[in-house]
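# Chains, contacts and geometry: an overview
Okay, here's what each chain looks like letter by letter:
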Amino acid sequence: MTISSELLKAVMRNYPTGVTIVTTTYNDEYYGLTVNSFTSLSLDPPLVLIAIDKRLASHEAIDKSNVYAVNILSDDMKDLAIKFATAPREERFSGLKVKTAKTGSPIIEGAIAYLDCKVVAKYPGGDHTIFIGEILDAQIMNNKVPLIYYNRGYYSIKQAVPIP
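Residues numbered from 1 in each chain as written. Predicted model: local features only at pLDDT ≥ 70, side-chain atom pairs only at ≥ 80, totals over all residues. Heavy atoms only, no water.

## Considering the overall build of the protein
For clarity, the threshold we go by: Working definition: helices are DSSP H or I runs of at least four residues, strands are E runs of at least two. Numbering for both runs from the N terminus. Atoms counted for the radius of gyration: C-alpha only. Globule rule: 2.2 Å times the number of residues to the power 0.38. With a 1.4 Å probe rolled over the protein chains alone, any residue whose accessible area is under 20% of its type maximum counts as buried; one over 50% counts as exposed, and the rest are partly exposed.
Secondary structure assignment for the protein yields 3 helices and 12 strands. Relative to the 2.2 N^0.38 estimate, which gives 15 Å for 164 residues, the radius of gyration of the protein is 16 Å and therefore close to what a compact globule would have. Each principal axis of the C-alpha distribution contributes one length, and for the protein these read about 45 × 45 × 35 Å. Split into buried and exposed, the 164 residues of the protein put 38% on the buried side.

Structure (structure tokens):
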């Protein structure tokens, strides 16, 4: 039995995730998109994975450049997360301050941290590709609170109360 994509989306809305913008440079152009399909994979070697929809221009750019950076967003970057999820690719970096990582991928000013990666493996994942990245460089840039995505909305964990 296969579940519907609508049911899967409804179930997954109940799982809160952090919000990132994954960036790369390909043919001397910046590419980037909002991604919550991101996770740490290994400490030795240092690996992370992202899953990117095969239909997106950023997918092709990561697939061909074989590099990407994960920018971890703070809770004051909601508008940027929305912009990178909805605006035309050519407009996403407009007015944005970035620096260049070792791989050439853009690092977004104001992000909490970044991981600069080279792709070491690619796996099919249905309508996505899973890109395994070896971390070449990383930096914590500030101690802001992370942006969280949950049930179709963006949230801050400022009000979160630890469970004793």
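Back to the write-up after that little detour.
## Details of the packing of aromatic side chains
Short version of the rule: Classification of ring pairs uses Phe, Tyr and Trp, with its six-membered ring standing for Trp, and accepts pairs whose centres are within 6.5 Å; under 30 degrees between planes counts as stacked, over 60 as edge-to-face, and the remaining range as tilted. The rule for a charge over a ring is simple: NZ of Lys or CZ of Arg within 6 Å of the ring centre, and within 35 degrees of the ring normal.
The full count for this structure, using the stated rule, is 5 aromatic pairs. Site record: aromatic cluster; members linked through ring pairs are Tyr30, Phe84 and Phe93. Lying over the aromatic face of Tyr31, Arg89 brings its terminal NZ or CZ to 4.1 Å of the ring centre.

## Regarding a nonpolar patch on the surface
Applicable threshold: Distance thresholds for patches are 9 Å for like charges and 5 Å for nonpolar side chains (Val, Leu, Ile, Met, Phe, Trp, Tyr), applied to residues having over 30% relative accessible area and no salt bridge. To measure how exposed things are, a 1.4 Å probe is used in the Shrake-Rupley method; for residues, cover is taken only from the protein chains shown. In the sections that follow, a salt bridge refers to a side-chain nitrogen of Lys or Arg positioned within 4 Å of a carboxyl oxygen of Asp or Glu.
Nonpolar side chains collect at one region of the surface, where Met1, Ile3, Leu7, Leu8, Val11, Met12 and Tyr15 lie side by side and expose about 810 Å² of accessible area between them. Here Leu7 falls in the partly exposed class, since its relative accessible area comes to 43%.

## Topic: the sheet that holds strand β1 (residues 17-18)
Selection criterion: The pairing criterion is simple: DSSP has to find at least two bridges between the two strands.
The sheet built from 3 strands is open, its strands ordered β1-β11-β12 with antiparallel pairing. Whereas interior strands pair on both sides, the edge strands pair on one side only; in this sheet they are β1 and β12 (153-156).

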